[in-house]
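Topology and contacts: notes
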Amino acid sequence: MARIAKRKEQAEKKKTTDNLRSPVVVVLGHVDTGKTKILDKIRHTHVQDGEAGGITQQIGATMVPVEAIREQAKMVRKFSDFNIKLPGLLIIDTPGHESFSNLRSRGSSLCDIAILVVDIMHGLEPQTIESLNLLKARKTPFVIALNKIDRLYEWKPSPNTDVRDTIKKQKRNTKDEFDERVKVAVTEFAEQSMNVALFYENKDPKTFVSMVPTSAHSGDGMGNLMGLIVELSQTLLAKRLAFSESLQCTTLEVKQITGLGTTIDVILVNGRLHEGETIVVAGQEGPIVTQVRSLLMPQPLKELRVKNKYETHKEIIGAQGVKVLAKDLDRALAGTPLLVAYKEDEVDICKEEVARILKQTLETIRVQERGVYVQASTLGSLEALLEFLKTSKIPFAGINIGPVHKKDVMKASIMLEHDSQYAVILAFDVRVERDAQELADSLGIRIFTADIIYHLFDSFMKYRDDMKKQKQEELRHVAIFPCKLRILPNCVFNSRDPIVVGVNVEAGVVRQGSLICVKKDDKVLDLGVVTSLEVNHKQVDMARKGSEVCVKIENPPGETPKLFGRHFDEKDILLSKISREGIDAIKDWFREDMTKTDWQLMIELKKVFQIM
């Protein structure tokens, strides 16, 4: 322990602001504000087109070298003579929709500076506000990209000039619209208690956050954005960006790659990683201790997510996105730190540390006894999916990471005994093995697959509703709702088979198919089944408490018809005859149709008919 502490202390002493590491930049914002597009513009690639539905589903990391920054920002005034000390920028793109809040917080917890993307046409949106709160909570410095300025009316793009000049060149009405929309944005940020100003009007960058008008589509303002980030990083963040030898490294993703096996994508912020070092990462069953087989890096300006050929490195120095290849990683969990044990006796200390962090993470994942089975490609997307299911009030009983195998289908099939509507597997962004699919078909388990969380959710909800309707049809005759009817005076239109009387619903709900009876001196007389209900000569399916309806009660087959006046009269209260299986059916499938007072009447009737 002392050795580790000493190592940290020495690393701290060595830090100087002359040796800076690349800042980790995170791009945050609402869905469809253009986060990935901005990155694509910086990188000149098209990840966006390769994403499902154009929505970022996983965190990707990209290194932007100095030359690229110079090239991009060459038109910015006063930037050409600016001395860039940074080795480059490491940019992380986080997914936008609310399901990914923990992915976003995972991205923003390791970042040094953030770009908050705001669509100038829409202003602040729910996740923009959520990202803002994340940044505030973590006290992360950030700049705002007012994106999509090319959508302004009659905007004339000119990507190779400074955006200040581009705005001046626009027509009068375009400029007015721009000013108008900027004002709106400033007000909305003020409502979130944030001071913002356009970057060229910002005199005090410490209290005011700079806004850069950009268009990822036409390229306007991208240079200014890069320039501003570099400038801020070197001035305000120099102390924080001093390179330190003490390791600071976080796993972002666990991924299966054909030909390589399981790898982990990590962001190495400070320190060095070497081939052959012993690393400790958190796993589903406990900490995993393994050796680094090789360190892979994508070529600069490519994203970690896209399958391109990697180059291997012997040693990697801080603030880089790295793919680590090692044994036993298939159970590793993303979003947890990666520690290196330099000596034998440090392994246990690292294991304890990792286990402690993992315990905190897993306490957030709680499975219910009844629920769906959830499968996702990475921990990040799994967390996101579970978060989404929680807000949608869908319980989950089992979780797993990776492709759907036979054993997953077996686990999900347990629900067939408990609650068949949950005998489904929601598979997000993973493939389903053939034998697993065959087994699922024979057992009657539905497997839903999708690359977009929303599609998965929609298809499951549709399935659930269809199933519910089908069950309700099947159980209609069993599920008898509680009701209490009083016969209205002088409203007996037919006194025997069928009995047609006008009644007032005193409590509960009377429906077609309700079995009606009368309680007389401890004896229960079955009158028959309600076959039709009329209000003002109009057919209705059901009538609730307080309404006056005319009911037609047909005699059950094989019974002697009961006669009004002899077997019962208008002093008697008519009750619906409930049963144990009926109550269970209502609890399972008709819960929404019951109100609190209906349940109270149900309890009362249970006593009358002595149902346990």
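Our structure is the block above this text.
Here's what I pulled together on the structure shown here. Predicted model only: the values in this text are computed from it and were never measured.

Some thoughts on the overall build of the chain
Counting its secondary structure elements, the chain contains 17 helices and 28 strands. A fraction of 72% describes how many contacts in the chain between residues 6 or more apart in sequence connect residues 24 or more apart. Counting only carbon and sulfur atoms, one obtains 50% of the accessible surface of the chain, whose full area is about 28,800 Å².

Some points on the pattern of salt bridges
Inspection of the entire model under this criterion finds 16 salt bridges. The shortest N-O distance in the salt bridge between Lys 462 and Asp 466 comes to 3.3 Å. With Lys 462 and Asp 466 both in helix α15 (residues 453-475) and 4 residues apart, the pair spans about one turn of that helix. On the accessibility criterion, Lys 462 (54% relative accessible area) is exposed. With its nearest N and O atoms 3.0 Å apart, the salt bridge here joins Asp 598 to Arg 544. Remark: Arg 544 occurs in strand β26 (residues 542-544) and Asp 598 occurs in helix α17 (residues 596-608); sequence separation between them is 54 residues.

Let's talk about the packing of aromatic side chains
Each aromatic ring pair is characterised by the separation of its centres together with the angle its planes make. Tallied over the full model, the rule gives 5 aromatic pairs. For the pair Phe 448 and Phe 460, a centre-to-centre distance of 6.2 Å together with 80° between the ring planes defines the contact as edge-to-face. Taken together, the positions of Phe 448 in strand β20 (residues 446-450) and Phe 460 in helix α15 put the pair 12 residues apart, joining distant regions of the chain. Its relative accessible area of 6% is what places Phe 448 among the buried residues. Between the aromatic rings of Phe 481 and Phe 590, the centroid separation amounts to 5.8 Å while the plane-to-plane angle is 85°, which identifies the pairing as edge-to-face. Taken together, the residues Phe 481 in the loop between α15 and β21 (483-494) and Phe 590 in the loop between α16 (580-589) and α17 connect sequence positions 109 residues apart. With relative accessibility at 2%, the residue Phe 481 sits in the buried group. In this structure an aromatic cluster arises from ring pairing among Phe 448, Phe 460 and Tyr 463.

What about the sheet that holds strand β19 (residues 424-428)?
The strand order across the open sheet formed by 4 strands is β18-β17-β19-β20, and the pairing between neighbours is parallel. Two strands in the sheet have a free side with no partner beyond their single neighbour: β18 (396-401) and β20. Direction aside, the axes of adjacent strands within the sheet are offset by 20° on average. As defined by bridge partners, strand β17 (residues 372-376) adjoins β18 across 5 bridges and the pair is classed as parallel.

Quick notes on helix α14 (residues 434-443)
Buried within α14 are the following residues: Ala 436, Leu 439 and Ala 440. For α14, the arc enclosing every buried residue in end-on projection is 100°, short of the 170-degree limit, so these residues lie on one face. Residues of α14 that are exposed and point over 90 degrees away from its buried face: Arg 434, Asp 441 and Ser 442. Buried residues in α14 make contact with α12 (406-413) and β20.

Reading guide: rules and limits
- Residues numbered from 1 in each chain as written.
- Predicted model: local features only at pLDDT ≥ 70, side-chain atom pairs only at ≥ 80, totals over all residues.
- Heavy atoms only, no water.
- Helix = DSSP H or I, 4+ residues; strand = E, 2+ residues; numbered from the N terminus.
- Contact = heavy atoms within 4.5 Å.
- Areas by Shrake-Rupley, 256 points an atom, 1.4 Å probe, with all protein chains shown as cover.
- Salt bridge = Lys/Arg side-chain N within 4 Å of Asp/Glu carboxyl O.
- Buried < 20%, exposed > 50% of the residue type's maximum accessible area, 1.4 Å probe, protein only.
- Phe/Tyr/Trp six-rings, centres within 6.5 Å; stacked < 30°, edge-to-face > 60°.
- Pairing = 2+ DSSP bridges.
- Axes fitted to C-alpha atoms, helices over the stretch in contact; angles between N-to-C directions.
- Arc of directions from axis to C-beta.

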